[in-house]
Amino acid sequence: MIEKIWFENHPIKYLLWPLLWPLSQLFGAISRSRRAKYQSKAKPTYRAPVPVVVVGNITAGGNGKTPVVIWLVEQLQALGYNPGVVSRGYGAKAPSYPLVVDDATSTNHCGDEPKLIFKRTGAPVAVSPKRSEAVEALLPLGVDIVITDDGLQHYALERDIEIVVVDGVRRFGNQCLLPLGPLRESTARLAEVDLIITNGGSALDGEAAMSLKPDQVINLKTGQRDNITAIKDQLVAMAGIGHPPRFFKTLETLGATPVYQQGFADHKDFEPSELDQLTQKGKHLIMTEKDAVKCANYAKDNWWYLPVSAEFNPSDEARILNKIKEVKEKYGSPSA
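Computed from a prediction, not measured in an experiment: that's the story for all the values here.

**Remarks on the sheet that holds strand E9 (residues 217–219)**
If you trace the 6 strands from one edge of the open sheet to the other, you get E10-E9-E14-E13-E11-E12, paired in mixed fashion. Of all strands in the sheet, those with a lone pairing partner are strand E10 (225–226) and strand E12 (260–263), marking the two edges. In this structure, strand E11 (residues 235–239) lies alongside strand E13 (residues 284–288), joined through 3 bridges in parallel fashion. Its bridge partner being in E13, Val236 is matched across the sheet by Leu285.

Next up, the structure:
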């Protein structure tokens, strides 16, 4: 219901306004005060010896940050850099921090997005609620540039480049701060960032337009790849991401209309039994790649996931990478 207030102007907002508006004002005052303390050095900050690129947003929920992080890592690897990724590891709890992700790391310890980034790119990934600790864990691994998955509001970590990812369809909803609206910070913050990437919809002047390009579906258990048309009959779809309808819409554009679809909370820790129940509603179960990293250990033969990749036009791609290369040159040449 809260998202209907944020993005759909639902009439219930008039009932909740007296409660949510004061909380929104309080949230804004606290967040502005907190940022000012870091900017004035009243609170300590950490400056890494390598460039730090923050990929974040000013709204709550999923905007497509992780595909952007993966794209950046792959592009920088191709240029001869050795990028590493840091993350808070939202929704997970590690035995100790910082945690460097490897093949054996459970998503319960590192979170779904860090594990996905590691599996897709092979790049070093470190997790810690204190991102400075995660950066320091990466440095001995030869990392020469750090990408942070989220963390725009984590001002304890100094950064060289700020990239904000915007949902091009929903944009900023009612443009109010949490909890009255979806904003973590005012839209005025966008004037201070280096790059704005718009995921879907229509990019405004100065924004880099991005689309999410789906690939072949992959079987969780066997690794078999196939076109989605091969499994589109009696297809059940699920998504535990920030905005599940985006995934379901992607399936429709590929010509697959699920007989049943179920959205879950972002970062949900699934129980095998509830996915078994979903599977019984059709012939095949399809999920996002982020969900798949959590379900692979108990996957059934008819479970599939659909990977997607960020895609830019050549001019926007060059603009993003040139900005990073300019900053990197101040720190030195690639290690490769």
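After that view, the rundown keeps rolling.
**A short note on the UniProt feature "binding site: ATP" (unreviewed entry) in the chain**
Here, UniProt's "binding site: ATP" (unreviewed entry) annotation points to Thr59, Ala60, Gly61, Gly62, Asn63, Gly64, Lys65 and Thr66. Tracing the backbone through its elements, the reader meets Thr59 in the loop between strand E1 (52–56) and helix H3 (65–78). Here Thr59 is in contact with Arg171, Phe172, Pro182, Leu183 and Arg184, once residues within four sequence places are set aside. With respect to the element layout, Gly64 can be found in the loop between E1 and H3.

**A look at the packing of H3 against helix H5 (residues 112–121)**
Remark: H3 packs on H5, axes separated minimally by 10 Å, with the N-to-C direction vectors making an angle of 30°. Classed by the angle they form, the pair H3 and H5 counts as roughly parallel. You can see that H3 and H5 cross each other, and the crossing is right-handed. In contact with Thr66, Val69, Ile70, Val73, Glu74 and Gln77 of H3, H5 contributes Glu113, Leu116, Ile117, Arg120 and Thr121.

**What about the sheet that holds strand E15 (residues 308–312)?**
Paired through their backbone hydrogen bonds, the strands of a sheet run either parallel or antiparallel. The strand order E3-E4-E2-E5-E1-E6-E7-E8-E15 describes an open sheet built from 9 strands, whose pairing is mixed. Looking at which strands have only one partner, the edges of the open sheet turn out to be strand E3 (99–100) and E15. In this structure, strand E2 (residues 83–87) lies alongside strand E4 (residues 125–127), joined through 3 bridges in parallel fashion. Bridged to Val86 within E4 is Ala126. H3 contacts E1, E2, strand E5 (145–149), strand E6 (161–167), strand E7 (195–199), strand E8 (208–214) and E15 of the sheet and is inclined by roughly 165° relative to E5.

**A look at helix H8 (residues 272–279)**
Three- or four-residue spacings in an α-helix give side chains the same orientation, since the helix completes a turn every 3.6 residues. Listing the buried residues of H8 in full gives Leu275, Leu278 and Thr279. Here the buried residues of H8 occupy an arc of 100° about the axis, which is enough to place them on one side. Where H8 is buried, its residues meet E11, E12, E13, helix H9 (289–295) and strand E14 (303–306).

What counts, and at which threshold
Residues numbered from 1 in each chain as written. Predicted model: local features only at pLDDT ≥ 70, side-chain atom pairs only at ≥ 80, totals over all residues. Heavy atoms only, no water. Pairing = 2+ DSSP bridges. Helix = DSSP H or I, 4+ residues; strand = E, 2+ residues; numbered from the N terminus. UniProt positions renumbered as here; feature names shortened; annotations may be inferred. Contact = heavy atoms within 4.5 Å. Axes fitted to C-alpha atoms, helices over the stretch in contact; angles between N-to-C directions. Parallel < 35°, antiparallel > 145°, perpendicular 65-115°, else oblique. Left-handed = near helix turned anticlockwise from the far one by under 90°. Buried < 20%, exposed > 50% of the residue type's maximum accessible area, 1.4 Å probe, protein only. Arc of directions from axis to C-beta.

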